[in-house]
Amino acid sequence: MDIRQMKYFVAVAEELHFGRAAERLDMAQPPLSRQIKQIETEIGVLLFNRGRNAITLTQAGEQLYKRVIAILAQIDDAILEARRIGQGAEGRLRLGFVGSSTYGLLPTIVKSYRAHYPEVNLGLFPMNNARLHRALVRREIDVAFARPALTDSEFQTRFLAEEALLAAVPDMFQPGPGDRFDPGSARGQNIILYPEFPRPSYADFVMSNLESKGFTEFKRVFTMDLQTALSLVAIGEGVCIVPASVATGKRNGIRFLTIEPELDKTALSVSHRLDEQGVHVKNFIKIAQTVARKML
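Residues numbered from 1 in each chain as written. Predicted model: local features only at pLDDT ≥ 70, side-chain atom pairs only at ≥ 80, totals over all residues. Heavy atoms only, no water.

**Some remarks on the packing of helix H1 (residues 3-15) against helix H2 (residues 18-25)**
Rules: Every axis corresponds to a line fitted to the C-alpha atoms, with the helix fit spanning only the stretch in contact, and the corresponding angles, defined between N-to-C directions, vary from 0 to 180 degrees. Secondary structure follows DSSP: runs of H or I at least 4 residues long count as helices, runs of E at least 2 residues long count as strands, and numbering of each begins at the N terminus. The labels follow the angle: roughly parallel below 35 degrees, roughly antiparallel above 145, roughly perpendicular from 65 to 115, and oblique for the rest. Whether a crossing is left-handed or right-handed is set by the direction in which the near helix is turned from the far one by less than a right angle, anticlockwise for left-handed and clockwise for right-handed. Note on contacts: a residue pair is in contact if any heavy atoms of the two residues lie within 4.5 Å. Polarity classes work like this: nonpolar for Ala, Val, Leu, Ile, Met, Phe, Trp, Tyr, Cys and Pro, charged for Asp, Glu, Lys and Arg, and polar for all others, with Gly in that last group.
As a packed pair, H1 and H2 sit with axes 8 Å apart at the nearest point and diverge in direction by 130°. In terms of orientation, H1 lies oblique with respect to H2. In this structure, H1 crosses over H2, and the sense of that crossing is right-handed. Residues Lys7, Tyr8, Val10, Ala11, Val12, Glu14 and Glu15 of H1 touch H2, and the partners they reach there are Phe18, Arg20, Ala21, Arg24 and Leu25. For the contact of H1 with H2, the residue count by class is seven nonpolar, no polar and five charged.

Here it is in structure tokens:
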């Protein structure tokens, strides 16, 4: 039996009248009768007792009716599920992100996306830039929040927001005039950089930024991620150059100082593969851009 024949059988089983079943199916009665006879021939059993004035289901027909109803319900559910996934209402979205993005736009973007698409399974994976790039190439994630931006001919990248850089310093640190941090005063100080590898990374952006301003005499201390870097700052191991949004997350033992002279700004971007045409990614990017515009 194919789906069409199942529907013929169900109509007759529920109406127990070929004429009414044919009218319900918007077809003539003789073709419907032939279809039911063909089904019985293929299965090898009678499904209906045909009396002079009425028809009834045989025991085999009753059992088949129960099974066919369940099968058609499953088919309807599968079609609905496929349609909802195609419309972006269900399914999954895998999001990779750098740690610093959790202090700025990312939480608001995720909250807004969940409000619009609560049935989508959203996977969140913290990574550094090199891992984000590799995961996007390998299709292990669908969207990547990166700093600095990922560059690849296979990616579509959109810039969401620019941020100034601040100095995260130990709370006992003696700032310069105006409660500001002068990178020139960092000579001989530890500058805590992250990640240590793989490279290039945000660490290289900070180092090239400092060096372009003529600040080269500092000790480099590498760690794996932002959280570890901030922990080292809090215990007095050095200074860390961070995006301004990081200052919104207060931590004991740390002060955030404006850098003067000002360094180049850092930008948070969102990337996906050019050949990714799924509606989930499109919906997420649209929400990310809307949230970014409102928060700027």
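Still more ground to cover, so stick around.
**Things to note about the environment of isoleucine 259**
Put simply, the test is: The rule is simple: take the accessible area with a 1.4 Å probe, protein chains only, and divide by the maximum for that residue type; under 20% is buried, over 50% is exposed, in between is partly exposed.
Among the secondary structure elements, isoleucine 259 is positioned in strand S12 (residues 254-259). On the accessibility criterion, isoleucine 259 (4% relative accessible area) is buried. Put simply, isoleucine 259 and valine 12 are 247 residues apart on the chain and 81 Å apart in space, counted from C-alpha to C-alpha. Those residues in contact with isoleucine 259 that lie beyond four places of it in its chain are Leu165, Leu166, Ala167, Phe181, Pro183 and Ile241.

**A few points about the pattern of salt bridges**
To keep it simple, the criterion reads: Here, a salt bridge means any side-chain nitrogen of Lys or Arg that lies within 4 Å of a carboxyl oxygen of Asp or Glu.
For the structure on display, the rule yields 14 salt bridges. In this structure, aspartate 2 engages arginine 4 in a salt bridge whose closest nitrogen and oxygen atoms are separated by 3.6 Å. A relative accessible area of 33% places aspartate 2 in the partly exposed class. Residue classification places arginine 4 among the partly exposed residues on the basis of a relative accessible area of 41%. With a closest N to O distance of 3.1 Å, glutamate 163 and arginine 147 form a salt bridge. Here arginine 147 lies in the loop between strand S5 (143-146) and strand S6 (155-163) and glutamate 163 lies in strand S6, a separation of 16 residues in the sequence. On the basis of relative accessible area, arginine 147 is assigned to the buried category, the value being 3%.

**Looking at the nonpolar core**
So the rule is basically this: Residue types Ala, Val, Leu, Ile, Met, Phe, Trp, Tyr and Cys, when buried and joined through side-chain atoms within 4.5 Å, form a set referred to as a nonpolar core.
In terms of nonpolar packing, the biggest core is built from 35 residues, with Ala168, Phe181, Leu230, Cys240, Ile241, Val242 and Phe256 touching the most fellow members. Taken together, the elements giving at least two residues each to this core come down to strand S7 (165-170), strand S9 (190-193), helix H7 (202-212), helix H8 (226-234), strand S11 (239-243) and S12. In terms of residue count, H7 provides more of this core than any other element does, six residues in total. Apart from residues lying up to four places away in sequence, alanine 168 is in contact with Leu230, Val233, Gly238, Val239, Cys240, Val242, Ile254, Arg255 and Phe256. Ranked by size, the runner-up nonpolar core spans 33 residues in total, among them Leu105, Tyr113, Ala144 and Phe145.

**A look at H7**
Within the span of H7, buried status applies to Tyr202, Ala203, Phe205, Val206, Met207, Asn209 and Leu210. Considering only its buried residues, H7 is in contact with S7, S9, strand S10 (219-222), S11 and strand S13 (266-273). Two residues or fewer past H7, glycine 214 is found with a positive phi of approximately 90°.

**Observations regarding the confidence of the model for the protein**
Note that predicted coordinates carrying low pLDDT should not be read in detail. Under the convention used in this document: For every residue, the predictor reports its confidence as pLDDT, a number between 0 and 100.
With 98% of its residues at a pLDDT of 70 or more, the protein has an overall mean of 89. Looking across the protein, the model is least confident in helix H4 (residues 59-86), with a mean pLDDT of 86, and most confident in S5, with 95.

**Re the environment of cysteine 240**
Tracing the backbone shows cysteine 240 in strand S11. A relative accessible area of 0% places cysteine 240 in the buried class. Taking the C-alpha atoms as reference points, cysteine 240 and valine 169, 71 residues apart in sequence, are found 6.8 Å from one another. Contacts of cysteine 240, omitting those with residues within four sequence positions, involve Leu166, Ala167, Ala168, Ile192, Tyr194, Ala229 and Val233.

**Here's the deal with the packing of aromatic side chains**
We count it as follows: Two rings belonging to Phe, Tyr or Trp (six-membered ring only in the last case) form a pair when the distance between their centres is within 6.5 Å. Interplanar angles under 30 degrees mark stacking, angles over 60 mark edge-to-face geometry, and anything in between is tilted.
Counted by the stated rule, this structure contains eight aromatic pairs. Here the aromatic rings of tyrosine 113 and tyrosine 117 are separated by 5.2 Å at their centres, their planes lie at 40°, and the arrangement is tilted. Site record: aromatic cluster; members linked through ring pairs are Tyr113, Tyr117, Phe145 and Phe284.

**Considering unusual backbone geometry**
Here the bond from arginine 147 into proline 148 is cis, since omega is -5°, no more than 30 degrees from zero. Along the polypeptide, proline 148 turns up in the loop between S5 and S6. In this structure, leucine 16 takes a positive phi of about 50° despite not being glycine. With respect to the helices, strands and loops of the structure, leucine 16 is situated in the loop between H1 and H2. What makes leucine 16 partly exposed here is its relative accessible area of 34%. Unusually for a residue other than glycine, aspartate 26 sits at a positive phi of about 60°. Tracing the sequence through the fold places aspartate 26 in the loop between H2 and helix H3 (29-43). Accessibility expressed as a relative area gives 74% for aspartate 26, which makes it exposed.

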